[in-house]
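The chain contents come next:
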Number of protein chains: 2
Amino acid sequence: MIGYPNQKSNMHSHQVRDNYMGRGMSLEDDLNKSNEYYLETQRALIHKKPIPVQIVKVDYPHRSAARITEAYYKTPSTTDYNGIYRGKAIDFEAKETKSKTSFPLKNIHPHQIKHLERVLYHGGIGFVIIRFSSFDETYLVDAAYMIDRYQNSDTKSIPYAQIKANASIIRRGFTPRLCYLDNVDELYFKEETCK
Amino acid sequence: MIGYPNQKSNMHSHQVRDNYMGRGMSLEDDLNKSNEYYLETQRALIHKKPIPVQIVKVDYPHRSAARITEAYYKTPSTTDYNGIYRGKAIDFEAKETKSKTSFPLKNIHPHQIKHLERVLYHGGIGFVIIRFSSFDETYLVDAAYMIDRYQNSDTKSIPYAQIKANASIIRRGFTPRLCYLDNVDELYFKEETCK
């Protein structure tokens, strides 16, 4: 499982961004930029959590920053994003799919679903942001609906049409790039805005 | 700044736990165990965030897990712990000091103070947990007090006596090891418990 620390295996090595391979980069980028904007305009305090990494070995070169020379990705035990909005705890996961027909449920880890259940139990606002990159459409899917589909669906995916019918489409903008807090306002703060 | 990737510098390399060197290990351990207990008993949903790491190089050995071979610690832009308790967003930092006379303010990054200010602005509960390891005493220090001391204090530390007078001491137990949510109840939910 664990390789030889001093083995030179540059043939299989890659320069990477601070981003786990295979995850949707551009949705993440859009969300980070939007969260930055929301932070600066004091509308919300939402951050992406760092990628969980198991650190095995660290070098301390003279007069240089500590260098991690052996580490492994860990399975995340929570969702990627959380923070505070309008006094409420907010917690969500973001996923991108190239499929034109459905969202594959294997994109979400079982313990992330468990985590979203806990978010709702403790009184937070929970959801999943799903992008169908082929259509360039991004949806906010309420956690309760996602949990139900995950646990009670016979199939291994949620059809695109079902998401379209049950989720809320997120408007794109320049700043923020994804106006997802407008969807949050409409879905979770309706009573207050209608007063 | 950045070392040579293939340089064998094992003289300065160490096996590490998943824990940034120099940070108090045992306070972190106590908090993680306590949070686990609070999670299992459904009292609260509080997690430690992963250590922020800048990943530079990853190897993909055959039939093995991806191995990160070059990465660096990043300065955290938020506090270490957050979650949901009694419907409220909760956010805190934890620090340990060996000093018997004061808590050195350099233990907290300026952007962590900024982050705690934002937590309060957006309606969350924020604090710092400080352990004086020489006395084996752990205190919950309200964020507003900490921010004020950080910004308005002439000295570079908060005297132990001042913390003792202005913070709330956390009771130790077996499970949880640190009953810090009892302090949170008393400090932030007083009105409700007195009804």
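The structure displayed is predicted, hence computed values, not measured ones.

Enquirer: So what exactly am I meant to see when it comes to the overall build of chain A here?
Expert: Secondary structure assignment for chain A yields six helices and eleven strands. Within chain A, the proportion of its 195 residues that are buried is 49%. Taking the contacts inside chain A whose residues are at least 6 apart along the sequence as the reference set, 64% of them involve residues at least 24 apart. Of the roughly 9900 Å² of accessible surface on chain A, 51% is carried by carbon and sulfur atoms.

Enquirer: Help me understand the side chain of threonine 97 of chain A in this model?
Expert: Residues and elements named next belong to chain A. Tracing the backbone shows threonine 97 in strand E6 (residues 88-97). Residue threonine 97 is classed as buried on the basis of its relative accessible area, which comes to 7%. Of note is the side chain of threonine 97, whose polar atom sits 3.2 Å from the backbone nitrogen of serine 99. With near-sequence residues (within four places) excluded, threonine 97 lies in contact with Ser102, Phe103, Pro104, Asn107, Arg131, Phe132, Ser133 and Ser134.

Enquirer: Is there a simple way to think about the packing of helix H2 (residues 110-121) of chain B against helix H3 (residues 143-152) of chain B in this case?
Expert: Angle between the axes and distance between the axes: these two values describe a pair of packed helices. All names here are of chain B. Where H2 contacts H3, the axes come no closer than 10 Å and their chain directions differ by 140°. Taken together, the axes of H2 and H3 lie oblique to each other. The handedness of the crossing between H2 and H3 is left-handed. Residues Pro110, Ile113, Leu116, Glu117 and Leu120 of H2 touch H3, and the partners they reach there are Ala143, Ala144, Met146, Ile147, Tyr150 and Gln151. Residue classes in the contact of H2 with H3 are distributed as nine nonpolar, one polar and one charged.

Enquirer: Would you mind showing me how to read the environment of asparagine 166 of chain B here?
Expert: Residues and elements named next belong to chain B. Relative to the elements of secondary structure, asparagine 166 occurs in helix H4 (residues 160-166). With relative accessibility at 43%, the residue asparagine 166 sits in the partly exposed group. Between the alpha carbons of asparagine 166 and tyrosine 145 there is a distance of 8.1 Å; along the sequence they are 21 residues apart. Among the polar contacts listed, one links the side chain of asparagine 166 to the backbone oxygen of glutamine 162, at a separation of 2.8 Å.

Enquirer: Looking at this structure, I do not really get helix H2 (residues 110-121) of chain A. What am I missing?
Expert: What sets the pattern is the α-helix's 3.6 residues per turn: residues three or four places apart point alike. Residue and element names in this part refer to chain A. With twelve residues, H2 extends 17 Å between its outermost C-alpha atoms, agreeing within 8% with the 16 Å of an ideal straight helix rising 1.5 Å per residue. Turning to H2, its buried residues number three or more, namely Gln112, Ile113, His115, Leu116 and Val119. Within H2, the buried residues cover an arc of 155° as seen down the axis, which keeps them to one side. Facing away from the buried side of H2, by more than 90 degrees, are the exposed residues Pro110 and Tyr121.

Enquirer: It is not clear to me how H2 of chain B should be interpreted in this structure. Could you clarify?
Expert: On the buried face of H2 of chain B, the contacting elements are strand E2 (44-48) and strand E5 (81-85) of chain A together with strand E6 (88-97), strand E8 (125-132) and H3 of chain B. Just downstream of H2 of chain B, glycine 123 of chain B is the residue with a positive phi angle, here 95°.

Enquirer: I tried to follow the pairing of strand E9 (residues 137-142) of chain A on my own but got confused; where do I start?
Expert: Residues and elements named next belong to chain A. Along E9, five of the six residues are buried, which leaves the element largely enclosed by surrounding structure. Both strand E8 (residues 125-132) and E9 contribute to a ladder of six bridges, which runs antiparallel. When the sheet's bridge partners are listed, arginine 131 is paired in E9 with threonine 138. What sits between the antiparallel neighbours E8 and E9 is a turn of four residues, in which aspartate 136 has the positive phi angle 55°. With two bridges connecting them, E9 and strand E11 (residues 168-169) associate as antiparallel partners.

Enquirer: Could you clarify how one ought to interpret the pattern of salt bridges in this entry?
Expert: Side chains carrying opposite charge are able to pair once their charged atoms draw close together. Tallied over the full model, the rule gives 25 salt bridges over all chains. Linking aspartate 30 of chain A and arginine 172 of chain A is a salt bridge whose minimum nitrogen-to-oxygen distance equals 3.3 Å. Of this pair, aspartate 30 of chain A sits in helix H1 (residues 25-40) while arginine 172 of chain A sits in the loop between E11 and helix H5 (180-188); the two residues are 142 residues apart in sequence, bridging distant segments of the chain. Accessibility expressed as a relative area gives 5% for aspartate 30 of chain A, which makes it buried. Residue arginine 149 of chain A is joined to aspartate 148 of chain A by a salt bridge in which the shortest nitrogen-to-oxygen separation is 3.2 Å. Where salt bridges share partners, they join Asp29, Asp30, Glu96, Arg131, Asp136, Arg172 and Arg177 of chain B into one cluster.

Enquirer: Would you mind going over the packing of aromatic side chains with me for this structure?
Expert: Tallied over the entire structure, the rule returns 22 aromatic pairs over all chains. On the basis of an interplanar angle of 90° and a centroid distance of 5.7 Å, the ring pair of tyrosine 85 of chain A and phenylalanine 189 of chain A is categorised as edge-to-face. Here phenylalanine 189 of chain A lies in the loop between H5 and helix H6 (190-194) and tyrosine 85 of chain A lies in strand E5, a separation of 104 residues in the sequence. For the pair shown, tyrosine 85 of chain A and phenylalanine 189 of chain A are each scored as buried. Measuring from ring centre to ring centre gives 4.9 Å for tyrosine 81 of chain B and phenylalanine 92 of chain B, while their planes differ by 5°; the resulting arrangement is stacked.

Enquirer: Where do I start with the confidence of the model for chain A in this structure?
Expert: Detailed reading of predicted coordinates is not advised where the pLDDT is low. Residues and elements named next belong to chain A. Looking at chain A, the pLDDT average stands at 87 and 85% of residues meet or exceed 70. Between residues 1-25, whose pLDDT stays under 50, and residues either more than four places distant or in other chains, the model counts 59 contacts. The ipTM, which scores confidence in the relative placement of chains, is 0.83 for this predicted complex, and the corresponding pTM is 0.84.

Parameters at a glance
- Residues numbered from 1 in each chain as written.
- Chains lettered and ligands numbered in written order.
- Predicted model: local features only at pLDDT ≥ 70, side-chain atom pairs only at ≥ 80, totals over all residues.
- Heavy atoms only, no water.
- Helix = DSSP H or I, 4+ residues; strand = E, 2+ residues; numbered from the N terminus.
- Buried < 20%, exposed > 50% of the residue type's maximum accessible area, 1.4 Å probe, protein only.
- Contact = heavy atoms within 4.5 Å.
- Areas by Shrake-Rupley, 256 points an atom, 1.4 Å probe, with all protein chains shown as cover.
- Polar contact = N/O pair within 3.5 Å; in protein donor to acceptor, adjacent residues only side chain to side chain.
- Axes fitted to C-alpha atoms, helices over the stretch in contact; angles between N-to-C directions.
- Parallel < 35°, antiparallel > 145°, perpendicular 65-115°, else oblique.
- Left-handed = near helix turned anticlockwise from the far one by under 90°.
- Nonpolar A, V, L, I, M, F, W, Y, C, P; charged D, E, K, R; others polar.
- Expected span 1.5 Å × (residues − 1).
- Arc of directions from axis to C-beta.
- Pairing = 2+ DSSP bridges.
- Salt bridge = Lys/Arg side-chain N within 4 Å of Asp/Glu carboxyl O.
- Phe/Tyr/Trp six-rings, centres within 6.5 Å; stacked < 30°, edge-to-face > 60°.
- pLDDT = per-residue confidence, 0-100.

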